[in-house]
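What follows is each chain in one-letter form.
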Amino acid sequence: MSAPAQVPRLLGICAYGSGAGKTTLLTQLIPLLIAEGLRVSVIKHAHHRFDIDHPGKDSYRLREAGAVQTLIGSRHRWALMTELSRIPSLQAEEPSLQVLVSQLDARYTDLVLVEGFRHEALAKIEIHRPALNMPLLSAQDPDIIAIASDGQLDSSLPVLDLNNPVTVARFILNWMNAANGLMPQT
């Protein structure tokens, strides 16, 4: 029997509301972290119905025909779509972060960046833009380890320059190294 795959590190990127720049920051961080040798995956929570498939495509037709799961694959990528609406016992439930993480193959990732799921108990970096006049989540959430902001803040947590993704990436690398017992990068 082989050893179970190691669970990748999870780090949330959260904000009080939409429009703060979570996705923008993630798209800037991912290539920086990859350049440092990390294999990065992302889980994004959607508060609404969404579709990644398009009418007319074979996978769409198969899913619309009633398949609970449709997996499409090629030598470049594969994607699994699961229609929770076709499983009566799951229709009223949002999938938990734990369930979604379990769908990832831990052999292919070192770090999972989680967008949304702000109420989950996992380490998070909060994005805060003072101009949006939203409250700081870190005042109520002990799992927030840093704040990325485009303005001045008074906080006991590290405040990272939201407009400098290199600084945020360096913080993430140091956080991962500290968790692994390694020395911080400078």
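This text goes with the structure placed above it.
Residues numbered from 1 in each chain as written. Predicted model: local features only at pLDDT ≥ 70, side-chain atom pairs only at ≥ 80, totals over all residues. Heavy atoms only, no water.

Caption draft 1: Representation of the packing of aromatic side chains. Tallied over the full model, the rule gives zero aromatic pairs. The ring of Tyr16 has Arg118 sitting right over it, with the charged end atom 5.1 Å from the ring centre. (Phe/Tyr/Trp six-rings, centres within 6.5 Å; stacked < 30°, edge-to-face > 60°. Lys NZ or Arg CZ within 6 Å of the ring centre and 35° of its normal.)

Caption draft 2: A look at the sheet that holds strand 6 (residues 124-128). An order of 2-5-1-6-7-8 is seen for the six strands of this open sheet, with the pairing classed as parallel. Looking at strand neighbours, the two that pair on one side only are strand 2 (40-44) and strand 8 (159-161), the edges of this open sheet. If you compare each strand with its neighbour and ignore which way they point, the axes differ by 25 degrees on average. Here strand 7 (residues 144-149) pairs with strand 8 via three bridges, running parallel. Bridge assignment links Ser149 to a residue of strand 8, and that residue is Asp161. Across the sheet, helix 4 (residues 165-179) lies against strand 1 (9-14), strand 5 (111-115), strand 6, strand 7 and strand 8, angled at about 145 degrees from strand 1, the strand it touches most. (Pairing = 2+ DSSP bridges. Helix = DSSP H or I, 4+ residues; strand = E, 2+ residues; numbered from the N terminus. Axes fitted to C-alpha atoms, helices over the stretch in contact; angles between N-to-C directions. Contact = heavy atoms within 4.5 Å.)

Caption draft 3: Quick peek at the nonpolar core. Leu11, Leu33, Leu111, Ile125, Val168 and Ile172 are the most contacted members of the largest nonpolar core, which has 26 residues in total. Taken together, the elements giving at least two residues each to this core come down to strand 1, helix 1 (22-35), strand 5, strand 6, strand 7 and helix 4. Among the elements that make up this core, the one with the highest residue count is helix 4 (seven residues). The residues touching Leu11, leaving out its near neighbours within four places in the chain, are Leu111, Val112, Leu113, Val114, Leu122, Ala123, Lys124, Ile125, Ile145, Ile172 and Trp175. (Core = buried A, V, L, I, M, F, W, Y, C linked by side-chain atoms within 4.5 Å. Buried < 20%, exposed > 50% of the residue type's maximum accessible area, 1.4 Å probe, protein only.)

Caption draft 4: Spatial organisation of a nonpolar patch on the surface. Taken together, the side chains of Tyr16, Leu132 and Met134 make up a nonpolar region of the molecular surface, amounting to roughly 260 Å² of accessible area. Inspection of the secondary structure assignment puts Leu132 in the loop between strand 6 and strand 7. (Patch = residues over 30% accessible without salt bridge, like charges linked within 9 Å, V, L, I, M, F, W, Y side chains within 5 Å. Areas by Shrake-Rupley, 256 points an atom, 1.4 Å probe, with all protein chains shown as cover. Salt bridge = Lys/Arg side-chain N within 4 Å of Asp/Glu carboxyl O.)

Caption draft 5: Region of interest: the environment of Leu113. With respect to the element layout, Leu113 can be found in strand 5. Every residue in contact with Leu113, bar those within four places of it in the chain, is listed here: Leu11, Leu26, Ile30, Leu33, Val40, Ser41, Val42 and Ile43.

The quantities given are spatial measurements derived from coordinates; they are silent on function.
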